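# Observations on the three-dimensional arrangement
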Amino acid sequence: MFSSATDAFKNSVPVDKVRYNDQGLVPAIVQDYLDGTVLMMAWMNQESLQKTLESGETWFWSRSRQEFWHKGGTSGHTQKIQAIRYDCDSDALLVTVEQVGDIACHTGARSCFHQVDGKIVPPPADTLSQVFGVICDRRDNPSENSYTCKLLSGGDNKILKKIGEESAEVVMACKDDDKAAIASEVADLFYHTLVALAYHQVDIKDVYRKLQERRG
């Protein structure tokens, strides 16, 4: 069944007005709705797009097998539709999803776009998520000269003290109406808050989910 949010986009994509190519296909770029990570690209035709809209999960057309495929139908790593947009020429789709299991690639990786010059690297996400990933790496692979590691080794006493200090500096920057200082101090506050999340093993995506719930 569609939620009211899903019903809102169910009729937002004019299936018959999308510009399909000579094979009757349109590229669909799939993106994580929380942190913006590009998860995969696949092809849809008019019928698979209709099935996607009706089911609330992604359906694609396999050019090699010449058949429809329901993403995650076998693995369980389905993609729950959050929104579908089409570009200015109506010949490409951007599908934002909740990726069940956080795995989109058949290799078991989160994203199909995980290779750079033959090396396996995490796919890019929003800036906060990328910074959080670095902090978690410092937590799991400590470095003696890392400021982040020194914060983490100091535990709550050190981390929370810094959050208090940075909060006060944000307040003062705002009172001075200093835009550059406000941006700088908020960046510091964000960073130290991310350290607290990592220390307490709280995923930043859990924070994003809370924000989405409150937004909705």
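Presented here is an overview of the structure given in this document. Along each chain, numbering runs from 1 in the same order as the chain's sequence is written. Thresholds applied to this predicted model are a pLDDT of at least 70 for local features of residues and 80 or more for the giving and counting of side-chain atom pairs; totals over whole chains, interfaces and linings are not thresholded and use all residues. Values reported for side chains reflect all heavy atoms of the structure, with hydrogen atoms and water molecules removed beforehand.

## Side note on the sheet that holds strand β1 (residues 26–32)
- Strand order in the open sheet formed by four strands is β2-β1-β6-β5, with mixed pairing between adjacent strands. The strands lining the two open edges of the sheet, one partner per strand, are β2 (38–44) and β5 (79–86). Strand-to-strand twist of the sheet, defined as the mean angle between neighbouring strand axes without regard to direction, takes the value 25 degrees.
- In terms of strand pairing, β1 meets β2 through six bridges, oriented antiparallel. By the bridge assignment for β2, Val 26 is matched with Met 44.
- Whether two residues touch is decided by their heavy atoms; if any such pair falls within 4.5 Å, the residues are in contact. The convention used is that axes are lines fitted to C-alpha atoms, helices contributing only their stretch in contact, and that angles between N-to-C directions extend from 0 to 180 degrees. Counting from the N terminus, the helices are the DSSP runs of H or I reaching at least four residues and the strands are the DSSP runs of E reaching at least two. On the sheet, helix α2 (residues 46–55) packs against β2, β5 and β6 (93–99) and is oriented at approximately 125 degrees with respect to β5. Paired strands, in this sense, are two strands between which DSSP finds at least two bridges.

## Considering the environment of Asp 32
- Tracing the sequence through the fold places Asp 32 in strand β1.
- Each residue touching Asp 32, except ones within four places of it in the same chain, is listed here: Thr 37, Leu 39, Val 97, Asp 102, Arg 110 and Lys 205.

## Quick word on a nonpolar patch on the surface
- A cluster of nonpolar side chains, Ile 29, Val 38, Met 41 and Phe 113, forms an exposed patch at the surface whose accessible area comes to about 320 Å².
- Take Met 41: it is sitting in strand β2.
- Only protein chains enter the accessibility calculation, which uses a 1.4 Å probe; a residue is then buried when its area is under 20% of its type maximum, exposed when over 50%, and partly exposed in between. Assessed through its relative accessible area of 36%, Met 41 is described here as partly exposed. Patches draw on residues past 30% relative accessible area with no salt bridge. Two like charges within 9 Å are joined, as are two nonpolar side chains (Val, Leu, Ile, Met, Phe, Trp, Tyr) within 5 Å. Method for areas: the Shrake-Rupley scheme with a 1.4 Å probe, in which residue coverage is limited to the protein chains shown. Any Lys or Arg side-chain nitrogen found within 4 Å of a carboxyl oxygen on Asp or Glu counts as a salt bridge.

## Observations concerning the pattern of salt bridges
- One pass over the structure, following the stated rule, counts twelve salt bridges.
- For the salt bridge of Lys 162 with Glu 166, the shortest nitrogen-to-oxygen distance reads 3.6 Å. One end of the pair, Lys 162, and the other, Glu 166, are both in helix α4 (residues 147–175), four residues apart, so they sit about a helical turn from each other.
- Residue classification places Glu 166 among the buried residues on the basis of a relative accessible area of 5%.
- Put simply, Arg 209 and Asp 206 hold a salt bridge, and the shortest N to O gap is 2.9 Å. Here the residue Arg 209 and the residue Asp 206 both occupy positions in helix α6 (residues 204–215), the gap between them amounting to three residues, near one helical turn.
- Residue Asp 206 is classed as partly exposed on the basis of its relative accessible area of 37%.

## Some remarks on the nonpolar core
- With 19 residues, the main nonpolar core has Val 30, Met 44, Leu 49, Phe 60, Ile 84, Leu 93 and Val 95 as its most contacted residues.
- Apart from the residues lying within four places of it in its own chain, the contact partners of Phe 60 are Ala 28, Val 30, Met 40, Ala 42, Trp 43, Met 44, Ser 48, Glu 67, Phe 68, Trp 69, Lys 71 and Gln 79.
- If you look at the next biggest cluster of nonpolar residues, it comprises 18 residues, including Leu 34, Phe 132, Ile 135 and Tyr 208. In plain words, nonpolar cores are sets of buried Ala, Val, Leu, Ile, Met, Phe, Trp, Tyr and Cys residues tied together by side-chain atoms within 4.5 Å.

## Topic: the pairing of β6
- The element β6 is largely enclosed, with a buried count of five among its seven residues.
- Note that β5 and β6 share seven bridges and pair antiparallel. The residue bridging Ala 83 from the neighbouring strand is Thr 96, located in β6.
- Once β5 ends, the chain turns through six residues before running back antiparallel as β6, passing Ser 90 with a positive phi of about 60 degrees.

## Here we look at the packing of aromatic side chains
- Any pair of Phe, Tyr and Trp rings, taking the six-membered ring for Trp, is counted once the centres come within 6.5 Å. Such a pair is stacked with planes under 30 degrees apart, edge-to-face with planes over 60 apart, and tilted for the rest. Enumeration over the complete set of coordinates arrives at three aromatic pairs.
- Note on Tyr 147 and Tyr 191: the rings are 6.2 Å apart at their centroids and 25 degrees apart in plane angle, and the pair reads as stacked. Of this pair, Tyr 147 sits in helix α4 while Tyr 191 sits in helix α5 (residues 179–199), and the two are 44 residues apart along the sequence.
- With a relative accessible area of 41%, Tyr 147 lands in the partly exposed category.
- For Tyr 191, a relative accessible area of 18% translates into the label buried.
- The residue whose ring lies beneath Lys 51 is Trp 59, and the NZ or CZ to ring-centre distance is 4.2 Å. Throughout this description, the term charge over a ring refers to an Arg CZ or Lys NZ atom that lies within 6 Å of the ring centre and within 35 degrees of the ring normal.

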